[in-house]
Each structure stands twice: as structure tokens, then as C-alpha cells.
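# What the coordinates show
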Amino acid sequence: MKKVKQCIIRGKKGLCIILCIISVLNIVGCDGDRGENQKDQSLSVQEHTDQIMNQVLGALNAHDAEQLTNIFSEGVRTNVSNLSDMSEVAVEFYQETGEIVESNYMMTEKKSKYGTISIAGTSYYIVETEEETYFILIVIYDRNDFDESMEGLYLLQIVSYDVYEQDGFKCKNKDYDPGIYIQNDRADEYEEPADMLEKEKK
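Residues numbered from 1 in each chain as written. Predicted model: local features only at pLDDT ≥ 70, side-chain atom pairs only at ≥ 80, totals over all residues. Heavy atoms only, no water.

Okay, the overall build of the chain next. On a plain count of helices and strands, the chain comes out with six helices and five strands. Listing the helices and strands of the chain from first to last along the sequence gives α-α-α-α-β-β-β-β-α-β-α. Buried residues in the chain amount to 37% of all 202 residues. Sequence-distant contacts in the chain: of pairs separated by 6 or more residues, those separated by 24 or more amount to 57%. Working note: accessible area of the chain is about 12,300 Å², and carbon and sulfur atoms make up 47% of it. (Helix = DSSP H or I, 4+ residues; strand = E, 2+ residues; numbered from the N terminus. Buried < 20%, exposed > 50% of the residue type's maximum accessible area, 1.4 Å probe, protein only. Contact = heavy atoms within 4.5 Å. Areas by Shrake-Rupley, 256 points an atom, 1.4 Å probe, with all protein chains shown as cover.)

Turning our attention to the sheet that holds strand 1 (residues 98-113). Ordered by their spatial adjacency, five strands build an open sheet running 1-2-3-4-5, and the pairing between neighbours is mixed. Strand pairing shows two members of the sheet lacking a second neighbour, strand 1 and strand 5 (179-183), which therefore form its edges. Going across the sheet, the axis of each strand differs from the next one's by a mean of 15 degrees, ignoring polarity. Direction of pairing for strand 4 (residues 152-160) relative to strand 5: parallel, over a ladder of five bridges. The residue of strand 5 that forms the bridge with Gln157 is Tyr181. (Pairing = 2+ DSSP bridges. Axes fitted to C-alpha atoms, helices over the stretch in contact; angles between N-to-C directions.)

Let us now look at the pairing of strand 2 (residues 116-129). For strand 2, the tally of buried residues reaches 12 of 14 residues, placing the bulk of the element in the interior. Remark: two residues form the turn of the hairpin made by strand 1 and strand 2, two consecutive strands paired antiparallel; Tyr114 in that turn has positive phi of roughly 50 degrees. Note that strand 2 and strand 3 (residues 133-144) share 11 bridges and pair antiparallel. For Ile126, the partnering residue across the bridge sits in strand 3 and is Phe135. Hairpin connection from strand 2 to strand 3: three residues lie between these consecutive antiparallel strands.

With respect to the helices, strands and loops of the structure, Ser123 is situated in strand 2. Judged by its relative accessible area of 2%, Ser123 is buried. Excluding its chain neighbours within four sequence positions, the residues that come into contact with Ser123 are Thr49, Asn104, Tyr105, Met106, Ile136, Leu137 and Ile138.

In this structure, His63 takes a positive phi of about 50 degrees despite not being glycine. Along the chain, His63 falls in the loop between helix 1 (2-62) and helix 2 (65-71). A positive phi angle, near 60 degrees, is found at Glu96, a position not held by glycine. Along the polypeptide, Glu96 turns up in the loop between helix 4 (83-93) and strand 1.

With that settled, the discussion passes to the environment of Ile180. Looking at the secondary structure, you find Ile180 in strand 5. Taking relative accessible area as the criterion, Ile180 reaches 2% and is therefore assigned buried. Distance in space between the C-alpha atoms of Ile180 and Leu83 is 7.5 Å, their sequence separation being 97 residues.

Structural data, given as C-alpha cells:
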């Protein structure tokens, strides 16, 4: 009788050990899957920023302000009243045609509130033309459940490379107002393109 009981106990212990191993493997597997999903998500956002940057570069190389404006998300086009003016200044500021010689995907920022999610991506690119070298940064919303109209290009920053190399230079990010920011080595501060246009008219 004792032998039978011992066998039953051993059997229960063995079953417990097996269940524990299975649980551990499941946990590791879930964590691994979660890590892969996050990695895939980041790659997806990175690919989206690169795709939008190629559109931006195409518009700049074509010096087509209307095309540049239309790359921005519907929400930005609706809410930024002087976006067309900004685009006009951008294509004037950008000299000749160029190509990307360096790129850096900076970050993916995710915000979640009660199941409502926004995912923003930020990348910068070094673009060389026949006349100038530019630092170009873009911020996109890959997903925005808070306001779906903002999905797409949110912010574009274009500066001459000399400015980029200056001490104290700051990259824009999703916490800034949407639109286009421009600066060259002859300006101490950023100016709204609409104001720059007004100065040129004077």
C-alpha cells in the first residue's frame, strides 16, 4: 500500500514539474513574441517615416510647394492656416536637387490611454545637393486614435548643415506645433515662414 501511495505522490510531483516547465516555456515564449512584436512595430514605423521622407524629398527636388503641402496629414493641412506659405518658403530655401547620404531613425513614441493609442516616429536625414547640405527631420504619426486625421506627416524641420553643427542646436519633436520649421546659418532663431515671406515683401 505504501508503495502505491509513493508512486501516486511521485506521479503528482512529476506532473507538477512538467506543468511548471510548460508554464515557464509559455512565459518565455510570450515575452519573446512580445519583444518581436515591438521590434516589428518599430520597423514598421521606421519604414513609414522613410516612405514619407522619400515623398518629401521628391517634392523638394521638384520645388513643388503644393506637392509638399499635400504630403502632410489632413489634420495638419486643416489646422495650420499658413502651411502653403511654409511650403513655398521651404522649396525656395532648398537649393537644386539632392539625395539622402545619411539617415537615422531616432525614436518611436507610444501613448496609450484606456485603449486609445497614438504612435509617433521621428527620423532625420542628411541630404546633399549641388549647392548645399541639409539636415532634414520629420515627425509622423503612424497611428493616432485620439485624432485619426493627424495620421501621416506632422512636422518637417529643414536647416542648413552649418546650423545643425552649431552648439545648442535642438531637434524639433511631436511636442512642437505641426508644420514646417526652417533655419539657415544667417538666422539666430527660427522664424515662421509666413513672417519670412512678409519680410521679403518689405
